[in-house]
Number of protein chains: 2
Amino acid sequence: MNNDLILLGHGSGGRLSHQLLDELIIPALSCDGPAGQNDAAILDSPSGRLAFTTDSYVVDPVFFPGGNIGDLAVNGTVNDLAMMGAKPLWMSVGLILEEGFSKKELAQILASMRRAADIAGIRIVTGDTKVVPRGKADRIFINTSGIGSIEHSLEINGSHALPGDNIIVSGTIGDHGVAVMASREGLELGTTIESDSAALNALVSDLVSELGCAIHVLRDPTRGGVATTLKEIALQSGVDLLIKEDSLPVKTAVRGVCSILGLDPLYVANEGKMLILVSPESAERAIGILRRTPLGTDAAVIGEVTGKGTGRISLETSSGGARSVEMLSGEQLPRIC
Amino acid sequence: MNNDLILLGHGSGGRLSHQLLDELIIPALSCDGPAGQNDAAILDSPSGRLAFTTDSYVVDPVFFPGGNIGDLAVNGTVNDLAMMGAKPLWMSVGLILEEGFSKKELAQILASMRRAADIAGIRIVTGDTKVVPRGKADRIFINTSGIGSIEHSLEINGSHALPGDNIIVSGTIGDHGVAVMASREGLELGTTIESDSAALNALVSDLVSELGCAIHVLRDPTRGGVATTLKEIALQSGVDLLIKEDSLPVKTAVRGVCSILGLDPLYVANEGKMLILVSPESAERAIGILRRTPLGTDAAVIGEVTGKGTGRISLETSSGGARSVEMLSGEQLPRIC
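The notes below deal with the structure included here. The structure presented is a predicted model; accordingly, all values stated were derived computationally and were not measured.

## As for the pattern of salt bridges
All names here are of chain A.
Part 1 of the reasoning: Counted by the stated rule, this structure contains 32 salt bridges over all chains.
Part 2 of the reasoning: As a salt-bridge pair, Glu105 and Arg139 come within 2.9 Å of each other at their nearest N and O atoms. Linking Glu105 in helix H3 (residues 103-120) with Arg139 in the loop between strand S6 (123-132) and strand S7 (140-150), this pair joins segments that are 34 residues apart in sequence.
Part 3 of the reasoning: Looking at Glu105, the relative accessible area reads 24%, which means it is partly exposed.

## Side note on the sheet that holds S6(A)
Part 1 of the reasoning: Read from one edge of the open sheet, five strands run S6(A)-S5(A)-S7(A)-S2(A)-S1(B), paired in mixed fashion. Bordering the open sheet on either side are S6 of chain A together with strand S1 (41-44) of chain B, each of which pairs with just one other strand. With direction set aside, neighbouring strand axes in the sheet form an average angle of 20°.

## Looking at the sheet that holds strand S5 (residues 87-98) of chain B
Part 1 of the reasoning: The mixed open sheet is built from five strands, whose spatial order is S1(A)-S2(B)-S7(B)-S5(B)-S6(B). Each edge of the open sheet carries a strand with a single partner, namely strand S1 (41-44) of chain A together with strand S6 (123-132) of chain B. Across this sheet, the average inter-strand angle for adjacent strands is 20°, counted without regard to direction.

## Details of the relation of the copies chain B and chain A
Part 1 of the reasoning: Superposing chain B onto chain A requires a rotation of 180° together with a translation of 0.0 Å along the rotation axis, leaving an RMSD of 0.0 Å. With respect to symmetry, the two chain copies, as superposed, fit the operation of a two-fold axis. The rotation axis passes nearest to the C-alpha of B:Ala137 in chain B, at a distance of 2.0 Å.
Part 2 of the reasoning: A shared binding surface is used by both copies, with 100% of the interface residues of chain B retained as interface residues in chain A.

## Side note on the environment of A:Ile150
Residues and elements named next belong to chain A.
Part 1 of the reasoning: Inspection of the secondary structure assignment puts Ile150 in strand S7.
Part 2 of the reasoning: On the accessibility criterion, Ile150 (3% relative accessible area) is buried.
Part 3 of the reasoning: Sequence separation of Ile150 and Thr293 is 143 residues, and the distance between their C-alpha atoms is 23 Å.

## Looking at the packing of helix H2 (residues 69-82) of chain A against H3(A)
Residue and element names in this part refer to chain A.
Part 1 of the reasoning: For the pair H2 and H3, the least separation of the axes is 7 Å and the interaxial angle reads 30°. By the criterion of interaxial angle, the relationship of H2 to H3 is roughly parallel. Viewed along their axes, H2 and H3 form a crossing whose handedness is right-handed. Taking contact as the criterion, the partners of Ile69, Gly70, Asp71, Ala73, Val74, Asn75 and Val78 in H2 are, on H3, Ile109, Ser112, Met113, Ala116, Ala117 and Ala120.
Part 2 of the reasoning: Here the contact of H2 with H3 is composed, by residue class, of nine nonpolar, three polar and one charged.

What counts, and where the lines are drawn
- Residues numbered from 1 in each chain as written.
- Chains lettered and ligands numbered in written order.
- Predicted model: local features only at pLDDT ≥ 70, side-chain atom pairs only at ≥ 80, totals over all residues.
- Heavy atoms only, no water.
- Salt bridge = Lys/Arg side-chain N within 4 Å of Asp/Glu carboxyl O.
- Helix = DSSP H or I, 4+ residues; strand = E, 2+ residues; numbered from the N terminus.
- Buried < 20%, exposed > 50% of the residue type's maximum accessible area, 1.4 Å probe, protein only.
- Pairing = 2+ DSSP bridges.
- Axes fitted to C-alpha atoms, helices over the stretch in contact; angles between N-to-C directions.
- Least-squares fit on C-alpha atoms with pLDDT ≥ 70 in both.
- Contact = heavy atoms within 4.5 Å.
- Parallel < 35°, antiparallel > 145°, perpendicular 65-115°, else oblique.
- Left-handed = near helix turned anticlockwise from the far one by under 90°.
- Nonpolar A, V, L, I, M, F, W, Y, C, P; charged D, E, K, R; others polar.

Take it as geometry only, folks, not as evidence of what the structure does.
In structure tokens form, the structure reads like this:
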């Protein structure tokens, strides 16, 4: 029996499960230590409204420049809560491990989950671990579910875009997807492109407290990228959008890899960026708030809501032409998160 | 492109993902229809305390006598909330699908999730779907996380067992594990043993409202079975227990399959049963409450808390001897839930 690897027995619910929990998982993730393992965590209900979200992570490779599946999962769930204007409070961690996965890598992943949770100010309060035989999963899959509290009365969601709204992106696009793809394909780039995986809740908190009801929509353009996310917003709100290609912030290296791999940065996943739809008179202040922090230094207005409509998005190209933007069709980048 | 199967593109976040969501997943699971797909569900915070739990399900086979991975997941999360004395309110559903999985089977699974949720009175409010390439997962894995509200001031958990408490099991043991194993091994039994997968929250609600603080511990003996769960409680509470083998309710057919497969029913998973540790003077009333309902007709007192201690469990065997009961060691029944 190899003591460095995950065994089927670690998922049995019996002695080995308890050992893995007590020696590795709980010390890594929990603020409260191993006391009181029960079927559910007990929490004080916050006043006001709750936000509740879930995401599973199956990214390949598990470790990539700028992060790993663990901090990706924490940041993803934190951001889903933040995009509804909620303050992230508590999260769960569900692990599905393949028999033979390295305990050392598991420990690294859990440590970065805890670090990411501490940075975002969210507490990991409950969890579950399953193990499946070799070949029945790919190393590790993680589900994170999160609860946040909404401490204001604003309605921030995808159906609140208004004609005239400015569309802001909080930074460069495509970094995460390109970092994962380059790492998976083993591309020798001469330069390392890192994932932008990061928690956006502090930035959202500043925007909401300083701009209030001028913020109409917040959404993080993950799978499907900026193009697909904007299309969702346009359809949900019943508006048409105009995007200016020249205004899209894209790192030179990311643009280079995209052209090698035949990808359009508009469709590539981001994990630490958000789209903000804001009243035109507040757009400049929003950009100012974003640029105060490292996560928002490349923030830019990339377009506007042209009016009520049927969800059309028009892209004004660098050459002065125009083309229609649709949702990502098919699977451009499998297992990007 | 085969229209009956799950494709990688269904996990892209793009057009195919939206199609799968709008045509299959949301109509099957949601009470509210497809309106308003956002990053998180917004819910009215209940007063009092919250319970929050998560579980991933990887059961093999996906369909088994008495249920499938879908209702198993819903009942499992409902029961984890109920075991803390909470009223189940909302749950999330995270799907990890293997490329090539049948859409028809997915629809069946989702329909039974919805049915199970309706029976338990819990609402499915948020979800996520990922797809991994063939051979990178085994058909379907499901994570369910749940939120419940605790509407009383009782403290029900694994550390509250008291000397003298009676130990009650709410019905026959081993049904779920044996049903899954028999189905996996293709055993010809002449009779069908069905999983006991069921939601226990209504039963818990009756116990709590009628017996109040006489209820000290509630726990569902899933992975690891009654033996492992009792060991957890004994260790958490710092007490010793005595169990009487003759008093354990086990169906004849289950006992038969256990002897064929070399299993001890005490270690076999249950998915619709609970252990109740209750003041001795309320044990008879508890049995009466349980036996009023089909889920509790075989309820029985199986032992007692003999005193403060170090978590030892002694089993009084049918022959009058005694043996020590430990946690499940190794992996008796992989992928039982």
